Amino acid sequence: MEKRYSARALRRLAVALCLLWLPLPATVHAAGAEFSLKDYCPAGFQLNGEGCYLQSLYASYDSLQDSGVGGLKTGLPELRQGFSPRQIDLGRLLFFDPVLSGDHSMSCASCHDPNKGFSDGRALSVGSKGQLAKRSAPSLWNVGFLKRLFWDARASSLEEQMLGPLYDSHEMANTPEQLLTDLRASSAYRELFAQAFNGDSSIQLDQVYTAIAAFESSLISLNSRYDLYAHGYHEALNEAEIEGMNIFRSFVARCAECHTPPLFSHQQIAVIGTPEPNNRPLDPGVAAVTGDASQRGGFKVPSLRNIALTAPYMHSGRFATLREAAEFYTGGRGHAVPPGEKLSLHWHIWEPKLTGEELDRLVDFMGALTDESFMPQIPASVPSGLAPVVGVQ
Ligand code: HEC
Ligand code: HEC
């Protein structure tokens, strides 16, 4: 029969052994404190009562003041926060654990790889059985600020969103029953869920979803060189980047009207008419969800935070570089709309006739939105005993 010791008992044993000046047996070390959850908040957050709350200079800015397009001191939208340090840390372990997928081959980090801006570097994602997903994997940086999720905005919370990848046969292909059975079979997970949820070691689905949402909401990227500039340190951007920022915010390019700082998305739907890769039919986007024909080809405006890290671009991964993505906007209104389609293109999609140099400056500016200073730690091992999975295998 397998014997199990609690983490505390093992730690006591370890201390006792040390006091006796005996060498520490390797097994005790490995099985002991390996999976205790952190009691402190992730970088950027402060503990207030039981929960972690973001500390950001943006919180001191009034959204109404200077709220013109791209105003430097515009406040942030509301963040999902107040999760406990342990819930966030449990979510971190679950995020990298392939036990979440039906055949134990794939974790959330397979397609949302921290080394690739929490995206996967592919035009279209690939599921656990090699199936091609319909769209490109978005970055998860700052996802806790989003009111609507997925390219077509079909989910309105992180918890609702994750039911997609977990149970979709094109992605992790699991079932709620199997997920619970697998997690409950792990004594390490039972112990950690009890630590995160008031001593309850039963493991419930909503606790799984809460922990993952808690971790996702801790992925904050608001310390780029652009942010230093916005907070008043004007040397943080070089001349080319400042020029790019001015073009970005101008009434000619109009980028900031949709990609509005500080999130670089105003979280609305826009029909802009990006092209599909060869031979693929038009993706109806939001219209397929709402049935509203005027939203055909409409997508949620994506944030441009860490955008330099997440090529290729657009819902279809159609553009390999930021330069190509920027160039799309100068191609003329509706230039990529397939013949026979009539899309209700957004009125800010026009023909700004940007020069090659102006496009280069836009790319320079978007490069100044990179910040990974609050990168979470990728676990070396996960409680299921499987090897953690990061990136496409
Ligand atoms: C097979 C690859 C794959 C896996 C595994 C995967 N995702 Fe995704 N994820 C995607 C793709 C593709 C999209 C965009 C789908 C769409 O919009 O139709 C997406 C979208 C999202 C979004 C929406 C982001 C936004 O800006 O709207 C979140 C949040 C997310 N995934 C979290 C997760 C979590 C949490 C897990 C693990 C439970 C996970 N994903 C597993 C590929 C994947
Ligand atoms: C009318 C609103 C609107 C305006 C104006 C706009 N965008 Fe976009 N942008 C979008 C939408 C919507 C998408 C997603 C479209 C898709 O996937 O088909 C997008 C996607 C992008 C992407 C790819 C993001 C990703 O994660 O793949 C980049 C880069 C981008 N825009 C840059 C710009 C630049 C630079 C400008 C100004 C020249 C600009 N945008 C103007 C709405 C807009």
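Each remark here, short or long, concerns the structure printed above.
Residues numbered from 1 in each chain as written. Chains lettered and ligands numbered in written order. Predicted model: local features only at pLDDT ≥ 70, side-chain atom pairs only at ≥ 80, totals over all residues. Heavy atoms only, no water.

Asker: I'd like a description of the nonpolar core, backed by residues and values.
Answerer: In terms of nonpolar packing, the biggest core is built from 49 residues, with Phe 145, Ile 220, Tyr 226 and Phe 248 touching the most fellow members. Taken together, the elements giving at least two residues each to this core come down to strand E2 (51-54), helix H9 (225-230), helix H10 (239-249), helix H11 (255-258), helix H13 (322-328) and helix H14 (356-367). Each of domain 2 (45-217) and domain 3 (233-367) contributes no fewer than three residues to this core. Not counting the four nearest positions on each side in its chain, Phe 248 is found in contact with Arg 254, Cys 255, Ala 256, His 259, Phe 264, Leu 304, Leu 362 and Phe 365. Counting 42 residues, the second largest nonpolar core, distinct from the first, contains Leu 94, Met 106, Ala 155 and Phe 197. (Core = buried A, V, L, I, M, F, W, Y, C linked by side-chain atoms within 4.5 Å. Buried < 20%, exposed > 50% of the residue type's maximum accessible area, 1.4 Å probe, protein only. Helix = DSSP H or I, 4+ residues; strand = E, 2+ residues; numbered from the N terminus. Domains from an automatic or database assignment. Contact = heavy atoms within 4.5 Å.)

Asker: Explain the coordination of the iron atom of ligand 1 to me, using residue names and the numbers behind them.
Answerer: For the iron atom of ligand 1, the protein contributes exactly one donor atom, His 112 (NE2), at 2.1 Å. Structurally, His 112 can be placed in the loop between helix H4 (108-111) and helix H5 (158-167). (Donors = N, O, S within 2.8 Å, 3.2 Å for Na, K, Ca; no water.)

Asker: Could you give an account of the state of the cysteines, naming the residues involved and the relevant values?
Answerer: Tallied over the entire structure, the rule returns one disulfide. Linked covalently through their sulfurs, Cys 41 and Cys 52 form a disulfide whose S-S length is 2.2 Å. Its S-S torsion of approximately -90 degrees makes the covalent link between Cys 41 and Cys 52 left-handed. With Cys 41 in the loop between helix H2 (26-31) and strand E1 (45-48) and Cys 52 in strand E2, this pair connects stretches of sequence that are eleven residues apart. Across the pair, exposure class does not vary: Cys 41 and Cys 52 are buried alike. (Disulfide = S-S within 2.5 Å.)

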